[in-house]
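Analysis of the macromolecular model
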Amino acid sequence: MQSLPEVARYLYWSPRTLDEVRPALYRKTQETFLEGEGQGLSLAVVLRETGALLGDVSMTLRSREHRTGEVGYVFHPDCGGKGYATEAAEVMLRLGFEEAGLHRIIGRLDGRNTKSARLLERLGMRREAHFVQNEFVKGEWADEVVYAILDHEWKARQAESPTPAAG
Ligand SMILES: CC(C)(COP(=O)(O)OP(=O)(O)OC[C@H]1O[C@@H](n2cnc3c(N)ncnc32)[C@H](O)[C@@H]1OP(=O)(O)O)[C@@H](O)C(=O)NCCC(=O)NCCS
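About the cut-offs
- Residues numbered from 1 in each chain as written.
- Predicted model: local features only at pLDDT ≥ 70, side-chain atom pairs only at ≥ 80, totals over all residues.
- Heavy atoms only, no water.
- Salt bridge = Lys/Arg side-chain N within 4 Å of Asp/Glu carboxyl O.
- Helix = DSSP H or I, 4+ residues; strand = E, 2+ residues; numbered from the N terminus.
- Buried < 20%, exposed > 50% of the residue type's maximum accessible area, 1.4 Å probe, protein only.
- Polar contact = N/O pair within 3.5 Å; in protein donor to acceptor, adjacent residues only side chain to side chain.
- Expected span 1.5 Å × (residues − 1).
- Core = buried A, V, L, I, M, F, W, Y, C linked by side-chain atoms within 4.5 Å.
- Contact = heavy atoms within 4.5 Å.

Describing the pattern of salt bridges
Side chains that differ in sign of charge can pair as their charged atoms come close. Inspection of the entire model under this criterion finds 11 salt bridges. A salt bridge links aspartate 19 to arginine 22; its shortest N-O distance comes to 2.5 Å. With aspartate 19 and arginine 22 both in helix H2 (residues 18-30) and 3 residues apart, the pair spans about one turn of that helix. The class of aspartate 19 is exposed, set by a relative accessible area of 58%.

A closer look at the side chain of glutamate 70
Relative to the elements of secondary structure, glutamate 70 occurs in strand S3 (residues 68-75). Glutamate 70 sits in the buried class, given a relative accessible area of 9%. Of note is the side chain of glutamate 70, whose polar atom sits 2.6 Å from the side chain of arginine 62. A distance of 3.1 Å separates polar atoms of two side chains, one belonging to glutamate 70 and the other to arginine 108.

What to know about helix H3 (residues 84-99)
Spanning 16 residues, H3 covers 22 Å between terminal C-alpha atoms, matching the ideal 22 Å at 1.5 Å per step. Buried within H3 are the following residues: Ala85, Thr86, Ala88, Ala89, Val91, Met92, Leu93, Arg94, Gly96 and Phe97. The first or second residue beyond H3 is glycine 101, which carries a positive phi of 70°.

Brief notes about the nonpolar core
Among the nonpolar cores identified, the biggest contains 29 residues, and Met59, Val71, Tyr73, Phe75, Leu93, Ile105 and Leu120 are the most heavily contacted of them. Here this core takes 6 residues from H3, the largest share from any one element. Ignoring anything within four residues of it in the chain, the contact list for leucine 93 reads Met59, Val71, Ile105, Leu123, Ile149 and Trp154.

Now the structure itself:
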C-alpha cells in the first residue's frame, strides 16, 4: 500500500518500493511502547475473519511532561469507506488515555486531507489550528491542520457510547 501515490499523497514520504519500506516496517515492529518522546506504539490492523492486512495505526509520544500523544493511520484504499480506520484509531485513543495515561491526543494532517479530517471529527476531536503554508512538503507549500481531544472529553464520550473492546 505504501507504493500507491494516493496513499502517500498527504504524507511526508513519497510512494516507496518494498526495499524502501523494509527499514520503516522494521522500525514499526520496534515501536511497542510509549516511553520516550518521539517513540510510539504501532499496530497492524487486520480483518478479523481473514487476517488480511488493512493498514496500520500508531500513537507517538509527543511530550512526556505534557502527557501528549499523536495518533496516525495509513490504510489501503481498497478497504476504505467502511469505518475500519475510524475503529482502529478509536482503539488507539483508548490505549492512549486509559493505558498510557495521556492527557491530550492530537492528530496532524495536510489541510487538503479531508478524509483524515472527517475521521478525527468522527472520533470527537476538535479542530484547533489551521496553519497556512507552514510546511514545504514534496516541492510545495502545504497547510497543516491540528485536531485534539482531552482525556476528560474522551471519558465523557465513552460514558455516552463506550468503545467496543479491541479484538
Ligand atoms: C485517512 C484514511 C485512513 C481515511 O480512510 P477512510 O476510508 O475515510 O476511513 P474509515 O476506514 O474510517 O472509513 C470512514 C468512511 O466510511 C464510512 N463508513 C461506512 N461504514 C462505517 C462505519 N461502520 N463506521 C464508520 N464509518 C463508516 C464513513 O461514513 C466514512 O466515509 P465518509 O468520510 O465519506 O463519510 C485513508 O484515506 C488513508 O489511509 N489515507 C492515506 C494515508 C493518510 O493520509 N493518512 C492520514 C495522515 S494524517
